[in-house]
Amino acid sequence: MSYAKEIDVLNRSIADLNGDINVSFEFFPPKNEKMENILWESIQRLKVLQPKFVSVTYGANSGERERTHGVVKAIKQQTGIEAAPHLTGIDATPEQLKQIAKEYWDSGIRRIVALRGDEPPGYDKKPFYARDLVTLLKEVADFDISVAAYPEVHPEAKSAQADLIFLKQKVEAGANRAITQFFFDIDSYLRFRDRCVTVGIDVEIVPGILPVSNFIQLQKMAKITNVKIPSWMYKLYDGLEQDQTTRNLIGASIAIDMVKILSKEGVKDFHFYTLNRSELTYAICHTLGLRPHLAAA
């Protein structure tokens with residue numbers, strides 16, 4: 001996209017968007033009572049925006065799975081929002097995964113985010129890839145399945161083309177959509193979406209949006225996930241290490257601009273990585289035209 005075109009998009013009235021987008025939110029299970037209170041405050045704050053669903057992450061061990069399972073069930077029961085647990089093939093046999101999936105289905109959970117998962121140090125088992133997990137889940141029940149996509153290529157992929165082939169295999173196995181890793185280079189996402197079309201991937205590629213409130217933490221996350229941080233972001237956050245308020249304003253502004261540009265390019269669904277905090281995500285969604293539905297409160 002040319003600079004002139006970006007300026008043209010950004011000059012559109014925010015009112016033109018008029019809330020004509022769909023959102024989903026990602027949370028992670030709390031590890032203590034304080035974090036649990038923060039999580040539920042965020043869920044209550046964001047539920048009135050009527051997200052299509054919320055997802056809940058977990059690490060590769062049974063204790064984390066149990067926390068995720070509890071949070072997902074509670075969200076579904078207490079708010080009525082569609083909740084999607086993350087599920088990986090790490091640290092579980094196919095038989096165990098089938099049992100977990102059946103328990104989710106029996107609990108009324110119809111959505112799952114299917115991932116390979118990060119292999120811990122010393123892990124020597126045969127990889128159970130996301131495509132295998134999608135196949136397994138579809139054998140258990142007709143889940144609505146989201147999988148991961150990487151506009152800037154998965155850090156372990158042999159090549160961009162190999163990474164794209166893996167995504168196609170996940171879709172062919174039955175995935176209903178792909179949610180991207182967070183990114184800040186919009187051109188990377190648009191090129192990736194075009195490449196998906198050329199290889200026959202016909203599901204929606206939902207952009208993952210990360211409102212940045214901690215730039216130091218972002219740099220660590222980006223290094224692990226192979227995400228490029230544009231030079232202009234370093235300039236924007238320079239000198240703000242002790243200024244949380246200004247960092248929040250900048251993070252919200254970046255995310256708003258991204259959604260506006262992507263919306264102009266035909267994107268309607270956006271997945272927000274909330275980090276269990278509601279303030280930035282709510283402000284961004286409000287600015288983009290989403291309004292509370294009192295019946296959902």
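Residues numbered from 1 in each chain as written. Predicted model: local features only at pLDDT ≥ 70, side-chain atom pairs only at ≥ 80, totals over all residues. Heavy atoms only, no water.

Colleague: Could you give me a rundown of the environment of R45, with the residues and numbers involved?
Modeller: With respect to the element layout, R45 can be found in helix α3 (residues 33-47). Under the relative-accessibility criterion, R45 is labelled partly exposed at 42%. Separated by 233 residues in sequence, R45 and S278 have C-alpha atoms that sit 6.6 Å apart. (Helix = DSSP H or I, 4+ residues; strand = E, 2+ residues; numbered from the N terminus. Buried < 20%, exposed > 50% of the residue type's maximum accessible area, 1.4 Å probe, protein only.)

Colleague: Give a detailed account of the sheet that holds strand β8 (residues 269-273), specifying residues and quantitative values.
Modeller: Strand order in the closed barrel made by the eight strands is β1-β2-β3-β4-β5-β6-β7-β8, with parallel pairing throughout. On average, each strand axis in the sheet is tilted by 30° relative to the strand beside it, whichever way the strands run. With respect to the sheet, helix α6 (residues 130-140) is in contact with β3 (83-88), β4 (111-115) and β5 (144-149), its orientation differing from that of β4 by roughly 150°. (Pairing = 2+ DSSP bridges. Axes fitted to C-alpha atoms, helices over the stretch in contact; angles between N-to-C directions. Contact = heavy atoms within 4.5 Å.)

Colleague: Provide a residue-level description of the packing of aromatic side chains, including the pertinent values.
Modeller: For the coordinates displayed, the defined rule picks out seven aromatic pairs. Seen in terms of ring centroids, W105 and F143 are 5.1 Å apart; in terms of plane orientation they differ by 85°. Their pairing is edge-to-face. Here W105 is found in helix α5 (residues 94-106), whereas its partner F143 is found in the loop between α6 and β5, with 38 residues between them in sequence. Look at W105 and you get partly exposed, because its relative accessible area is 26%. Note on Y129 and F166: the rings are 5.6 Å apart at their centroids and 40° apart in plane angle, and the pair reads as tilted. Within this pair, whereas Y129 is found in the loop between β4 and α6, its partner F166 is found in helix α7 (residues 160-172), the two being separated by 37 residues in sequence. Above the ring of Y282, the side-chain terminus of R45 is found at 3.7 Å from the ring centroid. The residue whose ring lies beneath R110 is W105, and the NZ or CZ to ring-centre distance is 3.7 Å. (Phe/Tyr/Trp six-rings, centres within 6.5 Å; stacked < 30°, edge-to-face > 60°. Lys NZ or Arg CZ within 6 Å of the ring centre and 35° of its normal.)

Colleague: Lay out the pairing of β8 with the relevant residues and their values.
Modeller: Here β8 lies mainly inside the structure; five of its five residues are buried. Here β8 shows a buried face lined by D269, H271 and Y273 and a second buried face lined by F270 and F272. Here strand β1 (residues 22-27) runs beside β8; their pairing, made up of five bridges, is parallel. In the strand pairing of β8, F25 is matched with F272. Taken together, the two bridges between strand β7 (residues 204-209) and β8 define a ladder with parallel strand orientation. Each bridged residue has a counterpart across the sheet, and for G208 the counterpart in β8 is H271.

Colleague: Now, about the packing of helix α11 (residues 244-264) against helix α12 (residues 279-287): what can you tell me, with residues and values included?
Modeller: Remark: α11 packs on α12, axes separated minimally by 10 Å, with the N-to-C direction vectors making an angle of 45°. In terms of orientation, α11 lies oblique with respect to α12. Crossing handedness for the pair α11 and α12: right-handed. Residues N248, A252, A255 and I256 of α11 form the contact with α12, whose participating residues are L280, I284 and T287. Split into classes, the residues belonging to the contact of α11 with α12 amount to five nonpolar, two polar and no charged. (Parallel < 35°, antiparallel > 145°, perpendicular 65-115°, else oblique. Left-handed = near helix turned anticlockwise from the far one by under 90°. Nonpolar A, V, L, I, M, F, W, Y, C, P; charged D, E, K, R; others polar.)

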